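Chain by chain, the residues run as shown.
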Amino acid sequence: MFEFSPKDFIDILLVALMLYYVYRLMRESRSLNVFTGIMIFVLVWLFVSQILEMKLLGRIMDQLVSVGVIAVIVLFQDEIRKFLYNLGGHRQIRTLRQMLSSASTVEKERREVKAAIVPIVMGCMNMSRQKVGALIVIERATPLDDIVATGETIDANINQRLLENLFFKNSPLHDGAVIISKLRVKAAGCILPVSHNLDIPKELGLRHRAALGITQESDAIAVVVSEETGGISAAIRGELRLRLSAEQLEGFLTQELE
């Protein structure tokens, strides 16, 4: 008689969660068909080896599975690395790290984040009034080294006047994105991947599509100032928040960066 214990329930739950996160990872990387093919192969392998007990075919498929695991790791190394970075940068993990840190360390980090947010907000508001287009990407857990390599390295403290000068219309770097990493302006004039989502409103320009593109491929935050309307938007996890005020932008950045 088959006995179902609480341990079996936990086992099934953990496997289901693992498959769900792998499914999300593949869907975000547009590799869902590959994931479906792998799952079909695994089900056939289990059916052949465990239920039908075909020794020869089962042994051949065992060898294919052994080699296939290595092949999957090689093919999806970027997606796996992104998943692990996102896992380490998850809000609950950050909260746990803060609990384990001393109160003085946490307070110091919050002051540093606050000091970095204020010039970003002030710079965006000033550029909004003058209708100067801007695109600022704030790196979080997922490294953006490949994006930084497409622009000009700066490595400077975050400063309102610096941001405004970088996006000044006559500046040679004003068309690209500014990347902020570890609370420093790391590079400017960077090229971002563009989102091809057909649901994006047609009135939104290339900067907004680039903001959505980088937040779909990483956990970064993107802040956009529209050159046409002066409106301020923020993108995160492939979602765009339009027409933000200074208070809303500051609150949003504070919530996501602390």
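*Asks:* Please explain the pattern of salt bridges as it appears in this structure.
*Replies:* Two side chains carrying opposite charge are able to pair once their charged atoms lie near each other. As enumerated under the stated definition, the model contains 6 salt bridges in all. Across the pair Arg140 and Glu256 runs a salt bridge whose closest N-O atoms are separated by 3.3 Å. Within this pair, whereas Arg140 is found in the loop between β1 (134-138) and α7 (145-148), its partner Glu256 is found in helix α10 (residues 246-257), the two being separated by 116 residues in sequence. Here Arg140 and Glu256 have matching classes, each one buried.

*Asks:* Please explain the nonpolar core as it appears in this structure.
*Replies:* Across soluble globular proteins, nonpolar side chains have a tendency to be buried as a group. Formed by 30 residues in total, the largest nonpolar core has its most connected members in Ile120, Cys124, Ile136, Val178, Ile180, Leu249 and Leu253. The set of elements that each furnish at least two residues to this core consists of α6 (103-130), β1, α8 (160-166), β3 (177-181), β4 (184-190), β5 (221-225), β6 (232-236) and α10. Considering each element in turn, this core owes the most residues, 7 residues, to α6. The residues contacting Ile120, other than those within four sequence positions of it, are Ile136, Ile138, Ile158, Leu163, Ile180 and Leu253.

*Asks:* I'm lost on the side chain of Ser218 in this one. Help?
*Replies:* Looking at where Ser218 falls in the secondary structure, it is placed in the loop between α9 (206-217) and β5. Taking the relative accessible area as the measure of exposure, Ser218 reaches 7% and is therefore buried. Within polar-contact distance, the side chain of Ser218 engages the backbone oxygen of Ile214 at 2.7 Å.

*Asks:* Explain the sheet that holds strand β2 (residues 152-157) to me, please; I cannot follow it from the model alone.
*Replies:* What holds strands together in a sheet is hydrogen bonding between their backbones, with the strands either parallel or antiparallel. With respect to topology, 7 strands assemble into an open sheet ordered β2-β4-β3-β1-β5-β6-β7, the strand pairing being mixed. Edge strands, defined here as strands with exactly one partner in the open sheet, are β2 and β7 (239-241). The sheet shows a mean angle of 20 degrees between the axes of neighbouring strands, direction not considered. As paired elements, β3 and β4 share 4 bridges and run antiparallel to each other.

*Asks:* I keep staring at unusual backbone geometry and nothing clicks. Help me out?
*Replies:* Negative phi values dominate among residues other than glycine, just as trans dominates among peptide bonds. In this structure, Arg237 takes a positive phi of about 50 degrees despite not being glycine. Relative to the assigned elements, Arg237 resides in the loop between β6 and β7. With a relative accessible area of 52%, Arg237 lands in the exposed category. Here Arg243, not a glycine, exhibits a phi torsion of approximately 50 degrees, which is positive. The residue Arg243 is located in the loop between β7 and α10 in this model. A residue is classified by how much of its surface remains accessible, and Arg243, at 69% relative accessible area, is exposed.

What counts as what
Residues numbered from 1 in each chain as written. Predicted model: local features only at pLDDT ≥ 70, side-chain atom pairs only at ≥ 80, totals over all residues. Heavy atoms only, no water. Salt bridge = Lys/Arg side-chain N within 4 Å of Asp/Glu carboxyl O. Helix = DSSP H or I, 4+ residues; strand = E, 2+ residues; numbered from the N terminus. Buried < 20%, exposed > 50% of the residue type's maximum accessible area, 1.4 Å probe, protein only. Core = buried A, V, L, I, M, F, W, Y, C linked by side-chain atoms within 4.5 Å. Contact = heavy atoms within 4.5 Å. Polar contact = N/O pair within 3.5 Å; in protein donor to acceptor, adjacent residues only side chain to side chain. Pairing = 2+ DSSP bridges. Axes fitted to C-alpha atoms, helices over the stretch in contact; angles between N-to-C directions.

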